[in-house]
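Coordinates in review
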Amino acid sequence: VWNCYEVSWLRGGPRHGYLELTVACNTPCLVESKSLKLYLNSLNFKTFDSDAAMLQTVVSDLTPILQAKAEDVKVRLLTEEPPLINSEEWVSVDDEEFGDSSDPYSVDEGLLSMDQAAGDGEVCEKLVCHLLRTNCPVTNQPDWGSILVHYEGRKMCRAGLKRYLCSLRREVGFHEVCVEKIFIAIQRRLNTSKLEVTGRFMRR
């Protein structure tokens, strides 16, 4: 899911909105986020007969790049900025114990572990951490974001999840790569039966 905030086109006069782009996870390719931003900005002076025509153009342009089927690419126009999360559904790990480490900001998958006190039963949890900081490989500027982890499986140690995400503080990578890295680390270490990891990054 891409949340696109800089979307404007012409229909009579200038139009503006927030675009939510959803791409199926099994498409052969992904679109690089900076190129997506540049593409959307190329629509700033393009005239469309309707808002629906603009949305259809976006789908038609992106589908071959993603090597996807048309039904695997969905866009919708929002008139208000979408909320980050429904806070009632998600449990924050931000206040969990950070612990002591000689180098807490070196990436360490070993920080991810099961909650030994919870036993072997499976749970379904929605956890969120607002402390993620990574670095753009092009500008070397920090990217700040929130990571949402929705999983089913043995209960994970929430403090360990927080420490792992904070260990990425010097990580260099595009948003998509960083989120994929987190997904793989959790799946590899905790062997969840179901797992969804979402990154919501601040604009800059």
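Before reading on, note that the structure itself is shown above.
Only a predicted model underlies this, so the values are computations on that prediction, with no experimental measurement involved. (Residues numbered from 1 in each chain as written. Predicted model: local features only at pLDDT ≥ 70, side-chain atom pairs only at ≥ 80, totals over all residues. Heavy atoms only, no water.)

Before going further, it helps to spend a moment on the sheet that holds strand β6 (residues 142–154). Spatially, the four strands line up as an open sheet ordered β4-β5-β6-β7, and their pairing is mixed. The sheet terminates laterally at β4 (91–92) and β7 (194–201), the two strands that pair on one side only. Here β6 pairs with β7 via eight bridges, running antiparallel. Bridging from a neighbouring strand, Glu-152 pairs with Lys-194 of β7. Relative to strand β5 (residues 122–135), helix α3 (residues 158–166) is tilted by about 25°, and along the sheet it contacts β4, β5 and β6. Here helix α4 (residues 175–190) sits on the sheet in contact with β5, β6 and β7, set at roughly 150° to β7. (Pairing = 2+ DSSP bridges. Helix = DSSP H or I, 4+ residues; strand = E, 2+ residues; numbered from the N terminus. Contact = heavy atoms within 4.5 Å. Axes fitted to C-alpha atoms, helices over the stretch in contact; angles between N-to-C directions.)

This part takes up the pairing of strand β2 (residues 13–23). A regular strand places its side chains so that they alternate between the two faces of the sheet. As judged from the eight bridges shared by strand β1 (residues 2–11) and β2, these two strands associate in the antiparallel manner. In the sheet register, Asn-3 faces β2, and the bridge partner there is Glu-20. Following β1, the chain reverses through one residue before pairing antiparallel with β2; Gly-12 in that reversal takes a positive phi of roughly 80°. As defined by bridge partners, β2 adjoins strand β3 (residues 73–78) across six bridges and the pair is classed as antiparallel. Within β3, the residue paired with Thr-22 across the bridge is Lys-74.

Attention now goes to a nonpolar patch on the surface. A contiguous nonpolar surface patch, about 270 Å² in accessible area, is contributed by Val-138, Phe-174 and Val-177. Note on placement: Val-177 falls in helix α4. (Patch = residues over 30% accessible without salt bridge, like charges linked within 9 Å, V, L, I, M, F, W, Y side chains within 5 Å. Areas by Shrake-Rupley, 256 points an atom, 1.4 Å probe, with all protein chains shown as cover. Salt bridge = Lys/Arg side-chain N within 4 Å of Asp/Glu carboxyl O.)

Spatial strand order, β1-β2-β3: three strands in an open sheet with antiparallel pairing. Pairing within the sheet leaves two strands with one partner each, and these edge strands are β1 and β3. On average, adjacent strands in this sheet sit at an angle of 35° to one another, irrespective of strand direction. Its contacts with the sheet place helix α1 (residues 33–41) against β1 and β2, and it is angled at close to 15° to β1.

Another aspect to go through is the layout of surface pockets. Size it by volume and the largest pocket reaches roughly 1,800 Å³. In terms of lining residues, the largest pocket is bounded by 50 residues, among which Val-1, Trp-2, His-175, Gly-199 and Phe-201 are the most central. Among the secondary structure elements, those contributing two or more residues to the lining of the largest pocket are β1, β2, α1, β6, α4 and β7. No other element matches the seven residues that β7 contributes to the lining of the largest pocket. (1 Å grid on protein atoms, 1.4 Å probe; cavity = no way out; pocket = protein on both sides within 12 Å on 5 of 7 lines; lining within 4 Å. Points joined across faces, edges and corners; volume = space filled by probe spheres on them.)

Attention now moves to the state of the cysteines. Tallied over the full model, the rule gives zero disulfides. The closest cysteine sulfur to the non-disulfide-bonded Cys-166 is located on Cys-129, 5.3 Å from its own sulfur. (Disulfide = S-S within 2.5 Å.)

Following both chains from N to C, one finds α1 and helix α2 (residues 51–66) inclined at 140°, their axes separated by 12 Å at the closest point. By the criterion of interaxial angle, the relationship of α1 to α2 is oblique. In this structure, the crossing between α1 and α2 has a hand that is right-handed. Seen from α1, the contacting residues are Leu-36, Tyr-39 and Leu-40; seen from α2, they are Thr-57, Val-58, Asp-61 and Leu-62. Its residues assigned to classes, the contact of α1 with α2 comprises five nonpolar, one polar and one charged. (Parallel < 35°, antiparallel > 145°, perpendicular 65-115°, else oblique. Left-handed = near helix turned anticlockwise from the far one by under 90°. Nonpolar A, V, L, I, M, F, W, Y, C, P; charged D, E, K, R; others polar.)

Geometry only, nothing functional implied.
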